Amino acid sequence: VLDLSLRGLSEIPPEVGRLKDLEVLKLNNNQIGSLPAEFRELIDLKRLEIVDNVFTSFPVEICYLPRLEILNLEGSLFLSHIPQEIGLLKRLKSLKITPHEMTSLPPEIGLLHKLSTLWLLFGKLITVPPEICALSSLRDLSLDFNQLVCLPEEIGKLSGLKKLGLYANGLT
């Protein structure tokens, strides 16, 4: 476990890629806006917390972490999109993001078959792709505080869903 939270960091040194056995990395409450390419070398990383930083786009380097199970990017106020490479995170079980500027999700989100928790709070999402309905392991889907006007008809296929958060949306 490496916890670099509350350190006033604006960047992560490329040497972090040398920590190949690292399983948990916490970078919360800093001023980080990007990750070095060497971040991809953290091949054993299972949990990544980058809460309350200044990302404007989803760091694509994260998508190349083959063992990542838990990703928390809450509080990156200007996050505008999730790259299609998100579908590479085959072991991801929990994804929490507050994508204030995000208006849509890539269909590749439907490739995250082990995902049980998906939080996309405080964004500008108008709809979610029907591919989200392929997430058979999904138990907790929170889409609160977006601008959703409709849900895909296939949402009923999420038979294991225990919580569906839709508070403060435009659904009628």
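Quick caveat, the model's predicted, so the values are computed rather than measured.

An account of the pairing of strand β4 (residues 70-73) is needed here, citing residue identities and associated values.
The pairing of strand β3 (residues 47-49) with β4 spans three bridges and is parallel. Within β4, the residue paired with E49 across the bridge is N72.

Residues and numbers for the packing of aromatic side chains, please.
Applying the stated rule across the entire model yields two aromatic pairs. Both rings, one in F122 and one in F145, keep their centres 4.6 Å apart while their planes meet at 10°; by these two values the pair is stacked. Of this pair, F122 sits in the loop between β6 (117-120) and β7 (140-142) while F145 sits in the loop between β7 and β8 (163-165), and the two are 23 residues apart along the sequence. Both rings, one in F145 and one in Y167, keep their centres 5.2 Å apart while their planes meet at 70°; by these two values the pair is edge-to-face. In this pair, F145 is assigned in the loop between β7 and β8 and Y167 in the segment after β8, connecting sequence segments 22 residues apart. For F145, a relative accessible area of 33% corresponds to the partly exposed category. By the ring-pair criterion, three or more aromatic residues cluster together here, those being F122, F145 and Y167. The ring centre of Y64 lies 4.0 Å from the NZ or CZ of R40, which sits over that ring. Across from the ring centre of W119, 4.0 Å away, lies the NZ or CZ of K96, which sits over that ring.

Conventions used here
Residues numbered from 1 in each chain as written. Predicted model: local features only at pLDDT ≥ 70, side-chain atom pairs only at ≥ 80, totals over all residues. Heavy atoms only, no water. Pairing = 2+ DSSP bridges. Helix = DSSP H or I, 4+ residues; strand = E, 2+ residues; numbered from the N terminus. Phe/Tyr/Trp six-rings, centres within 6.5 Å; stacked < 30°, edge-to-face > 60°. Buried < 20%, exposed > 50% of the residue type's maximum accessible area, 1.4 Å probe, protein only. Lys NZ or Arg CZ within 6 Å of the ring centre and 35° of its normal.

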